[in-house]
Amino acid sequence: MPESLNIIDLITDASLLVQIVMALLLSASLLSWVIIFRLSARLGTAKRFDTQFETWFWSGEDLAKLYQGIQGSPDRQGLEQIFYVGFSEYLRMHKKRQPKDDIIDGVERKLRVGLGRQQQMLESGIATLASIGSVAPYIGLFGTVWGIMNAFLGLSQTEQATLASVAPGIAEALIATAMGLFAAIPAVLAYNHFTAKSSRLYESRALFCDEMTGMLQRETSAQSMLIRETSIAQNKATGL
């Protein structure tokens with residue numbers, strides 16, 4: 001590559017506004033990669049913890065014992081935290097002897113709240129990737145337009161326009177577009193990947209909430225039936 005078209009020289013010789021645009025794009029690219037690594041670790045950890053908890057949940061252990069086992073854990077997350085929130089509401093309303101339908105409705109509300117909060121924490125940063133992916137090309141294009149304007153303004157002050165005189169200005173302008181694409185493409189790919197992965201986790205957790213609600217509903221019905229049978233037996237015994 002000729003020395004006159006050295007990329008480092010083109011960046012350092014660019015106008016102040018174009019350099020600011022390049023700095024913004026470089027910062028956006030670094031930020032997107034930081035978010036990508038964090039999301040990758042967070043989603044991987046969440047999937048692993050959910051799988052471990054589901055294995056424990058479906059092992060046949062009593063739900064009350066399972067609840068006591070995680071009650072003292074300060075680092076509850078994912079399905080573990082969702083289960084804890086839902087079962088806490090179940091115990092609270094059952095202790096107050098609320099009607100069966102009210103108990104199930106209350107548990108469903110708490111499960112939805114817990115699911116939503118866990119999903120918000122899980123998806124933190126995805127919106128930033130979307131913003132970088134959509135805005136970075138336009139920022140780069142702005143730098144390109146400004147650089148081309150400066151190149152043509154420079155040509156107007158020369159007596160003879162040659163390729164050698166216009167090439168550095170055009171190259172300087174196009175670098176801004178290239179940096180915009182360099183920042184945007186990984187951000188868009190990562191956004192699509194993590195959105196799909198997060199949606200699969202959400203669907204899995206929502207299915208768990210439905211299954212847990214069904215289990216509590218059956219348990220509540222069984223307890224109500226037992227209480228009714230006990231009451232009938234006591235009435236018969238009293239009548240005798």
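Preceding this section is the structure that the text describes.
Quick summary incoming for the structure in this document.

Rules and cut-offs
Residues numbered from 1 in each chain as written. Predicted model: local features only at pLDDT ≥ 70, side-chain atom pairs only at ≥ 80, totals over all residues. Heavy atoms only, no water. Helix = DSSP H or I, 4+ residues; strand = E, 2+ residues; numbered from the N terminus. Buried < 20%, exposed > 50% of the residue type's maximum accessible area, 1.4 Å probe, protein only. Contact = heavy atoms within 4.5 Å. Core = buried A, V, L, I, M, F, W, Y, C linked by side-chain atoms within 4.5 Å. Phe/Tyr/Trp six-rings, centres within 6.5 Å; stacked < 30°, edge-to-face > 60°. Salt bridge = Lys/Arg side-chain N within 4 Å of Asp/Glu carboxyl O. Axes fitted to C-alpha atoms, helices over the stretch in contact; angles between N-to-C directions. Parallel < 35°, antiparallel > 145°, perpendicular 65-115°, else oblique. Left-handed = near helix turned anticlockwise from the far one by under 90°. Nonpolar A, V, L, I, M, F, W, Y, C, P; charged D, E, K, R; others polar.

## Some details on the overall build of the protein chain
Logical step 1: Helix and strand counts for the protein chain come out as 7 helices and 0 strands.
Logical step 2: Starting at the N terminus and walking to the C terminus, you meet the elements of the protein chain as α-α-α-α-α-α-α.
Logical step 3: Residues counted as buried form 32% of the 240 residues belonging to the protein chain.
Logical step 4: Of the contacts made within the protein chain by residues no fewer than 6 positions apart, 80% connect residues no fewer than 24 positions apart.

## With respect to the nonpolar core
Logical step 1: Counting 22 residues, the largest nonpolar core has Phe53, Phe57, Phe83, Phe87, Phe208, Met212 and Leu216 as its most contacted members.
Logical step 2: Put simply, the parts of the chain that give this core at least two residues each are helix H2 (16-57), helix H3 (63-71), helix H4 (79-95), helix H5 (100-122) and helix H7 (163-239).
Logical step 3: Sort the elements by how many residues they give to this core and H4 lands first, with 7 residues.
Logical step 4: Apart from the residues lying within four places of it in its own chain, the contact partners of Met212 are Phe83, Gly86, Phe87 and Leu111.
Logical step 5: In this structure, Leu129, Ala183, Ala190 and Phe194 belong to the second largest nonpolar core, which totals 19 residues.

## A look at the packing of aromatic side chains
Logical step 1: A full pass over the atoms with the stated rule returns 13 aromatic pairs.
Logical step 2: Residues Tyr67 and Tyr84 carry aromatic rings whose centres are separated by 5.2 Å and whose planes lie at 10° to one another, so their mutual orientation is stacked. Note that Tyr67 is positioned in helix H3 and Tyr84 in helix H4, a separation of 17 residues in sequence. Here Tyr67 matches Tyr84 in class, with each residue buried.
Logical step 3: For the ring pair Phe142 and Trp146, a centre distance of 6.4 Å and an interplane angle of 35° mean the geometry is tilted. Of this pair, Phe142 and Trp146 both sit in helix H6 (residues 126-156), separated by 4 residues, roughly a single helical turn.
Logical step 4: Residue Trp146 is classed as partly exposed on the basis of its relative accessible area, which comes to 32%.
Logical step 5: Aromatic ring contacts, followed pair by pair, group Phe53, Trp56, Phe57, Trp58, Tyr67, Phe83, Tyr84, Phe87, Tyr90 and Phe208 into a single cluster.

## Brief notes about the side chain of Arg205
Logical step 1: Note on placement: Arg205 falls in helix H7.
Logical step 2: Leave out the neighbours within four places in its chain, and Arg205 touches Ala46, Asp50, Gly78, Leu79, Ile82, Leu115, Gln118, Gln119 and Leu122.

## Focus on the pattern of salt bridges
One side chain can pair with another of opposite charge once the charged atoms of both are near each other.
Logical step 1: Evaluation of the coordinates by the stated rule reveals 2 salt bridges.
Logical step 2: The residue Asp50 makes a salt bridge to Arg205 at a minimum N-O spacing of 2.8 Å. On the criterion of sequence distance, the pair formed by Asp50 in helix H2 and Arg205 in helix H7 is long-range, its members being 155 residues apart.
Logical step 3: As a salt-bridge pair, Glu89 and Arg92 come within 2.7 Å of each other at their nearest N and O atoms. Here Arg92 and Glu89 lie together in helix H4, a separation of 3 residues that amounts to about one turn.
Logical step 4: Judged by its relative accessible area of 9%, Glu89 falls in the buried class.

## Digging into the packing of H4 against H5
In helix packing, the relevant descriptors are the interaxial angle and the interaxial distance, both defined with respect to the helix axes.
Logical step 1: At a minimum axis distance of 8 Å, the contact between H4 and H5 shows a crossing angle of 155°. Relative to H5, H4 is oriented roughly antiparallel. Where H4 crosses over H5, the two elements pack in a sense that is right-handed. Contacts between H4 and H5 involve Gln81, Ile82, Val85, Gly86, Glu89, Tyr90, Met93 and His94 on the former and, on the latter, Asp102, Ile103, Gly106, Val107, Lys110, Leu111, Gly114, Leu115 and Gln118.
Logical step 2: Taken together, the residues that form the contact of H4 with H5 break down as 8 nonpolar, 6 polar and 3 charged.

That's the geometry; what it means functionally is another story.
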